[in-house]
Each structure stands twice: as C-alpha cells, then as structure tokens.
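# Breakdown of the fold
These are the residues of each chain, in order.
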Amino acid sequence: MNNNLPSYNELPEVFAINLDSIGAITLTGQEQIKYLQGQVTCDVDTLAQTKLLIGAHCNAKGKVFSAFRLLEREEKFLLLQPTSSIEQSLAELKKFAVFAKVEISQDTELAYLAIAGQQASAKMATLFQQVPDTLTPVVHENNTTLVYLPGNISRYLIIDKVDTLANISATFDCPVYDGALWNLLEISAGFPMLSQQYVAEYVPQMLNLQAMDGISFTKGCYLGQETVARMQYLGKNKRALFALTGKDTMANVGDIIEKKLGENWRKAGDVLAVYQASNMQTYIQGVLANDVDNSTELRIKTQDSALTIIPLPYKLSTTTE
C-alpha cells in the first residue's frame, strides 16, 4: 500500500484504490423495481444490466438520506454509496417495504477496488476482455462486475468477493492507495459524499444531483418528490455542491466555510468531505450558496489560508430544460 497521498496534479498515470469505505444496500425480489421506483429520485424502470443510474433516497420532506450509484448484479440491485450513509437509508427503505415482495439488506459479501488515471482503460484492457465505457458503463465478466465512472479522470470500479479482488490486485505493477484517495476523485468529480451528520440535511439539488441526471422529473411519485419538483420549477434552491482547494488548510467534516463580506467573515456553508494530500494541499467538498463565484473570498472558519473553487466536470443549470 502506498502511504504517500498525492495531490490532484501528482496523480500517477494509472493507480488503484482499495475502497474500504464504500458499501451497498441490496434489493432483491419480484417487486424490487416497483418498490424502489417509489422511493428514489432516479427512474428505476430504465435500469438495464449494462446501465448505471445516479440517484438519491429522500425522506418525505425531500431531504437526502443517501446519494448512490445504482446497478444490477446477479438479479440484485446494488445502491453503491459511502458506508456512512447506509444505516439510516437502509432503515427507512425497510420501513416501507413490509408490504412489498422485496428483500432489502446491507451487502456483506462484496468488496470494491478502483483503477483510475489517464492510462486506466489500457490497464483494464490487460485484465478483462471487455472494458466498460460511456455507452456500456456496466459490464459483467464471470462473477466480476466492472463499472465505468466518467469524469476528468477515468475511473473503473471492480466489484467481486474479497479473495477475487485480492488475486487481481496481487498482479498490479501500479501504485495502490487506501480509500482516502477516493475522496479526492469524488470531490473533483462533484459527486456528493454524505457523512452521518449530513444525512437528511439537503434536498437533492443542493448536492447537484440534477446536473448528473440523478433526478427524473417525469417518472411520477416517489418519497419527497413534491419538494424536489418545487425546488426545480420555482427556482427556490439557493445552494449547491462545490469543490474547493487550499494550501496548508486543515479541514474536517462538519467545519464551517466562511466568505468575506466587507471587513467581516460570515458563514457560507459546510464541509461535507475532505482529502489532505501529503504535500499539505487540501481538497474540500462543501455546500455553499449557489451564487458564490471565483471572486468570493473563502476560508475555513478561524483559519487564514484562502480557498479557491475548482471547476466541476458538469454544468449547473438553474433552469429546467
């Protein structure tokens, strides 16, 4: 395992990450599609064996329990997400499932490995017969599931039992990092990472899910739908997910981000996730007012070093198409 944690500009051409902080909620049973369709923001009816959906699971007030990537593996639905958001989301999903023909649980069998970097697809091609891509983001080879995640840095997930992944990673001649590096890739890709303290805090648009096709506005009813639709059509959402970076800044999940107004500093938002590179470059995912721009002076509360905004790989449209 490589203990040096690279900054974004120091990332190797190809590298692997052991994803120990990712897990999944699984759904099986004859009503899995119908049931999940009424619970989440994405259109589950469109899921296919080779397709990946992004979505959120909300409470009745439209506040997000979990933001996930949804795929099908061996007739099971997997809602991939940080393990930190699983507990409450799982409890809520189970609560409404008592009358449906569906079984819901936290997966205990699978492990996750990522391969990323500019040369990641070439590396994947040496390991597997078919490499997933934009058109076919999910590929199943024997019992292994491969997932392509688009972005400025190509990323692939390899999903299988622990021992299978151990055999695959034993052949690697590239650097292998621990799960901390995954935070850097999620922050720079603008994919929300909800720690336990921010579960049920934000509506999906505050986490930019509409910009990632994570909300269907045509699918019909689901939990929290009224709030989500109102936010979209009445333009009531005033917050968004941002990626920020700063040198020699110490930050923790739950810290307050401040902006400068005249001579004073005022609260601008909250820190959702952090990655600290070995060279002391810090990367932060935060929810801020959506009118913050590059001219806004930002900092972590009581710290002097400035934060700058990193552009995300998608557009935040404020209007509905």
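Higher on the page you've got the structure.
Attention here is on the structure that accompanies the text. Note that the structure is predicted; figures quoted are calculated from it, not measured.

## Looking at the overall build of the chain
Across its full length, the chain carries 6 helices and 17 strands. Radius of gyration (C-alpha) of the chain: 20 Å, near the 20 Å computed for a compact globule of 321 residues. Counting across all 321 residues of the chain, residues that qualify as buried make up 55%. Put simply, 70% of the contacts in the chain that link residues at least 6 apart link residues at least 24 apart. Seen as two clouds, the 26 positive and the 34 negative side-chain charges of the chain have centres 8 Å apart.

## Some details on the sheet that holds strand β14 (residues 264–276)
What the 6 strands build is a closed barrel, ordered β12-β15-β14-β13-β16-β17; its pairing is antiparallel. Averaged over all pairs of adjacent strands, the angle between their axes in this sheet comes to 45 degrees, without regard to strand direction. Sheet topology note: the strand β12 (residues 239–247)/strand β15 (residues 281–289) ladder contains 9 bridges and is antiparallel. Among the inter-strand pairings, Phe-242 is bridged to a residue of β15, identified as Gly-286. Its contacts with the sheet put helix α5 (residues 180–189) on β12, β14 and β15, and the angle it makes with β14 is roughly 130 degrees.

## Concerning the nonpolar core
Formed by 56 residues in total, the largest nonpolar core has its most connected members in Leu-157, Trp-182 and Leu-207. At 5 residues, the largest contribution of residues to this core is made by α5. Apart from residues lying up to four places away in sequence, Trp-182 is in contact with Ile-17, Leu-19, Ile-22, Arg-69, Ala-114, Leu-149, Arg-155 and Leu-157. Leu-27, Leu-47, Phe-77 and Ile-86 belong to the second-largest nonpolar core, a separate cluster that totals 19 residues.

## Things to note about the sheet that holds strand β6 (residues 103–106)
The 5 strands are arranged β3-β4-β5-β2-β6 in an open sheet whose pairing can be described as antiparallel. The open sheet terminates on both sides in strands that have one partner only, identified here as β3 (53–58) and β6. This sheet shows a mean twist of 30 degrees between the axes of neighbouring strands, independent of strand direction. Two strands pair when backbone bridges link them, and β3 and strand β4 (residues 64–73) are joined in this way by 6 bridges, in the antiparallel orientation. What sits directly across from Leu-53, in β4, is Leu-70.

Reading guide: rules and limits
- Residues numbered from 1 in each chain as written.
- Predicted model: local features only at pLDDT ≥ 70, side-chain atom pairs only at ≥ 80, totals over all residues.
- Heavy atoms only, no water.
- Helix = DSSP H or I, 4+ residues; strand = E, 2+ residues; numbered from the N terminus.
- Rg over C-alpha atoms; globule rule 2.2 N^0.38 Å.
- Buried < 20%, exposed > 50% of the residue type's maximum accessible area, 1.4 Å probe, protein only.
- Contact = heavy atoms within 4.5 Å.
- Lys, Arg positive; Asp, Glu negative; His and termini not counted.
- Charge placed at Lys NZ, Arg CZ, Asp CG, Glu CD.
- Pairing = 2+ DSSP bridges.
- Axes fitted to C-alpha atoms, helices over the stretch in contact; angles between N-to-C directions.
- Core = buried A, V, L, I, M, F, W, Y, C linked by side-chain atoms within 4.5 Å.

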